[in-house]
Amino acid sequence: MIAGLLCLFAGILAALSLPVMPSPTAGVLLLLIALSLMRLRAARPVSWALAGCALVVLEAGARLADRIPASLVDRDWRLDGEVVALLSDRPERPSFLFHPDASGRTAAIPGRIRLVWYDPPAIPSPGERWRLVVRLREPRGTANPHGFDYERWLLLRGIGATGYVRTSVRNQRIGAAGNVVDKVRSRIADTLRHHVGDDDAARLLEALITGNRAGISQQTRDRLMATGTAHLLAISGLHVGIAAATGAGVAGVLARAVSSLTRFPFTHARWLGAAAGACAYACLAGLSIATHRALVMVLIIAFSAALERHAYLSRSLILAAWVILVTQPLAPLDGGFWLSFGAVTILCIRFAGRLGRPRRLGALISAQAALTVGMIVPALSLFGFVSTSGFMVNLVAVPLVATVVLPSGLLGALATLVEPLLAGPPLKIATLGLDGLLFIVEKAERLGPGMLRAGLAPLPFLLSAALASLILVGGRGIPGCPAAPVVLLAILLWKSQAPPHGGADMTVLDVGQGLSVVVRTHGHVMVYDAGPAWRGGDAGARIVLPYLRGQGLSTVDTLVISHGDTDHAGGAAALLDSVSGRILAGPGTVLPDTRSESCRAGDGWTWDGVRFEILHPPPGYRGSDNNASCVLRIQSRGGVVLLPGDIENALERALVLDGTDLAADVVVAPHHGSATSSSRPFVSATDPDWVVFASGYRNRWRFPRNDVVERWTSVGAKRADTARGGAVMFAFRPGHAGVQVTAWRCLSRRFWRYRECDRNRSR
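Looking now at the sheet that holds strand S22 (residues 690–693). Consider a sheet: its strands pair through backbone hydrogen bonds, and that pairing is either parallel or antiparallel. In spatial order, the strands read S17-S18-S19-S20-S21-S22-S23; together these seven strands make up an open sheet with mixed pairing. Looking at the sheet topology across the chains shown, the edges are occupied by strand S17 (604–607) and strand S23 (718–721). Each strand axis lies, on average, 15 degrees off the axis of its neighbour in the sheet, ignoring direction. The sheet contact formed by strand S18 (residues 610–616) and strand S19 (residues 631–636) spans five bridges and is antiparallel.

Below, the structure written as structure tokens:
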């Protein structure tokens, strides 16, 4: 059973790592071969592996086929359909999943769409039916090392298009929630707000009961992450187990009250109540991977107990893994899969073969210590940090949620269905418990740094660290135990390899319509521009910082903001705390930091044999915002880079006439490839081998303009484009002829990502 599961899992992982997914026909053929080999005992491992590959090919093929074709994007569509889930309930910008009706739409419109509605007349609720005028585009996101993979997130949720609701008088609600589960969720949410208000605790309780996390503030999310308690919001084994216990308790009370009428023994009624409670709660909270896994395990244990058979936790885990992998073969792409199964596996290893029955407090401490050590590698891989306060905070938070918050909340939800007035007391008890949890989390965060950050090490190192953590969880007597802490410490201190003295690495990040460039020498880091800001976030926090942390870089030595336009300076505030040295900005750019000083031509510095020189603006410059951009030239022994910001034609010509040395091997095109920049004299003066266009995919200005691209290519420059290839990485090495160039979409090819790099292969 375990051998077959491991072979199935290996086949699934092999298929998920493919850069291009084979056709569904190949999946059917693989499945037929696997079934035919199943008869041969010696060939069963191969057959299970082929079956795993086939399941992935079929499932992935179906989801990729449901993507909107390019011919239908950027057009208005009137669609009738149902709101499936609310992703964000911000009044000015709610986002939600929308399921268009099959009738009334072209067959090429996907069956599941993510929509954003700016300043809507009302926030849509799950289950409601709406008629909307929408504009759609491909399910596509930015592509950066260590960044959030939005395209994978969309694939896992079966979303074939994204878009926004157009302002139109034809937008109208055409029906209330018709689904029973959605009606129950809505009723519980209304009762919650009536009895306990609409504060953070109430939103957290709604998330715990219904799985709707849209209303939780970003500040609360950050605090829970920093203190290692965010897992309490992910509906998993703890929550489903408590729901099962609550169901068993209610069923037990009812069975005793009507014992003369029931045919089932008391124990049978209790276990059936546990199964019913787990199923009801899992459906109410949404069947995520963690919830699905926990539900399968609870059902196995409940029915085994009802049949008077002993169910081992490890055996239940194996059966749950079989069910998840067969029914959801794409599940390993979701971080929740590894967190959920990893946590239970660690507990199985920790308590396997332990004699005697540990005390509850001792068991809690032992379990939390095992999870703290065992989940180091998954936490680093998925989040880029390990919580240093998580162990102590969880010793209080887990019992509080398990014994007070969730049981009271579930009883309140159950009372809501009978008589809403009865729900008040248990719901208030639950929110008081959550108020206490938030108080503890806030105090823990203030006591000191709650996160230990580390770079993302290569896979072999991560696997070694994972093995070391499992050895430590298993306890003494296991070979390699003394060396395990050393391996874990090494992974926590890992940093990516720095360029040699005189060399430099430059990454032009894919921040959409904006610019952010990270330049690294042997011992220093500079960030030039911080990308755009948008409603609800900015590129500094979402893209630049994750990239730096993934490289193991905790500080920025110099931050340069070319000018004040939001597509360049929007993410600056998120980076300020990481800057240990100078902050330079174009004249008139206001940053919330007293260290900020204006760029001045002639200023410069040298790091590790690499010269940084500001070419523009001169002191006292009074030009336009774009022309006031800091123009920076970087000269290493492996090549020269020119970062001109958003300067325009007139200033370009002025720099050329002044005799400024503009020659470079790599130029980031001024103003994202706008027609107002990249004049012929400037292009000829720079004469680069590479030109980089930092622009958003399908941006409304249609940057880079075709004539601008032709201007650069006419002087022999090769083109790199963040909108097409994702982040573009340049390596300048002393003694190496030419510049080493890689586009992230080419380097990290995955079947769910769009592959424009095939037409723009790096050289």
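There's more to say after this.
Turning our eyes to something else, we now look at the nonpolar core. Core analysis: the largest hydrophobic core is formed by 48 residues, its most contacted members being Leu 205, Tyr 281, Leu 434 and Leu 437. Looking at this core, the elements with two or more residues in it are helix H5 (180–196), helix H6 (200–210), helix H8 (237–257), helix H9 (266–285), helix H10 (289–306), helix H15 (390–418) and helix H16 (424–447). Counting residues per element, this core draws most heavily on H15, which supplies 10 residues. Beyond its immediate sequence surroundings of up to four residues, Leu 205 is in contact with Leu 192, Val 405, Gly 409, Leu 427, Ala 430, Thr 431 and Leu 434. Among the nonpolar cores identified, the runner-up in size contains 35 residues, and Leu 8, Leu 317, Cys 348 and Phe 751 belong to it.

Turning our attention to the pattern of salt bridges. Counted according to the given criterion, the structure contains 26 salt bridges. Note that Glu 59 is salt-bridged to Arg 63, the shortest N-O span being 2.9 Å. With Glu 59 and Arg 63 both in helix H3 (residues 44–65) and four residues apart, this pair spans about one turn of that helix. A relative accessible area of 26% means that Glu 59 is categorised as partly exposed.

What follows deals with the pairing of strand S24 (residues 728–732). When a strand is regular, its side chains alternate between the sheet's two faces. For S24, a buried count of five out of five residues is recorded, marking the element as mostly surrounded by other parts of the structure. Burial along S24 is two-sided: Val 728, Phe 730 and Phe 732 facing one way and Met 729 and Ala 731 facing the other are all buried. Strand direction decides the pairing type here: strand S9 (residues 504–508) and S24, joined by five bridges, are antiparallel. What sits directly across from Val 508, in S24, is Val 728. Across four bridges, the pairing between S24 and strand S25 (residues 740–743) is antiparallel. Residue pairing for S25: Met 729 is matched across the bridge by Thr 742.

Before going further, it helps to spend a moment on the sheet that holds strand S14 (residues 556–561). Strand order in this open sheet of eight strands is S16-S15-S14-S11-S10-S9-S24-S25, and the pairing throughout is mixed. Each edge of the sheet is formed by a strand with only one pairing partner; in this case those strands are strand S16 (596–598) and S25. Here the average twist between neighbouring strands, direction ignored, is 20 degrees. Examined bridge by bridge, strand S15 (residues 579–585) and S16 share three bridges and lie parallel to one another. Looking across to S16, one finds that Ile 583 is bridged to Ser 596. Sheet contacts for helix H19 (residues 539–550): S9, strand S10 (517–520), strand S11 (525–528) and S14; angle to S11, the most-contacted strand, approximately 165 degrees.

Here the bond from His 616 into Pro 617 is cis, since omega is 10 degrees, no more than 30 degrees from zero. Of the consecutive residues Phe 703 and Pro 704, the connecting peptide bond is found in the cis state with omega at -5 degrees. By the element assignment, Pro 704 lies in the loop between S22 and helix H24 (706–713). Despite not being glycine, Asp 119 has its phi angle at roughly 50 degrees, a positive value. By secondary structure assignment, the location of Asp 119 is in the loop between strand S3 (113–116) and strand S4 (129–137). Judged by its relative accessible area of 51%, Asp 119 is exposed.

Thresholds applied
- Residues numbered from 1 in each chain as written.
- Predicted model: local features only at pLDDT ≥ 70, side-chain atom pairs only at ≥ 80, totals over all residues.
- Heavy atoms only, no water.
- Pairing = 2+ DSSP bridges.
- Helix = DSSP H or I, 4+ residues; strand = E, 2+ residues; numbered from the N terminus.
- Axes fitted to C-alpha atoms, helices over the stretch in contact; angles between N-to-C directions.
- Core = buried A, V, L, I, M, F, W, Y, C linked by side-chain atoms within 4.5 Å.
- Buried < 20%, exposed > 50% of the residue type's maximum accessible area, 1.4 Å probe, protein only.
- Contact = heavy atoms within 4.5 Å.
- Salt bridge = Lys/Arg side-chain N within 4 Å of Asp/Glu carboxyl O.

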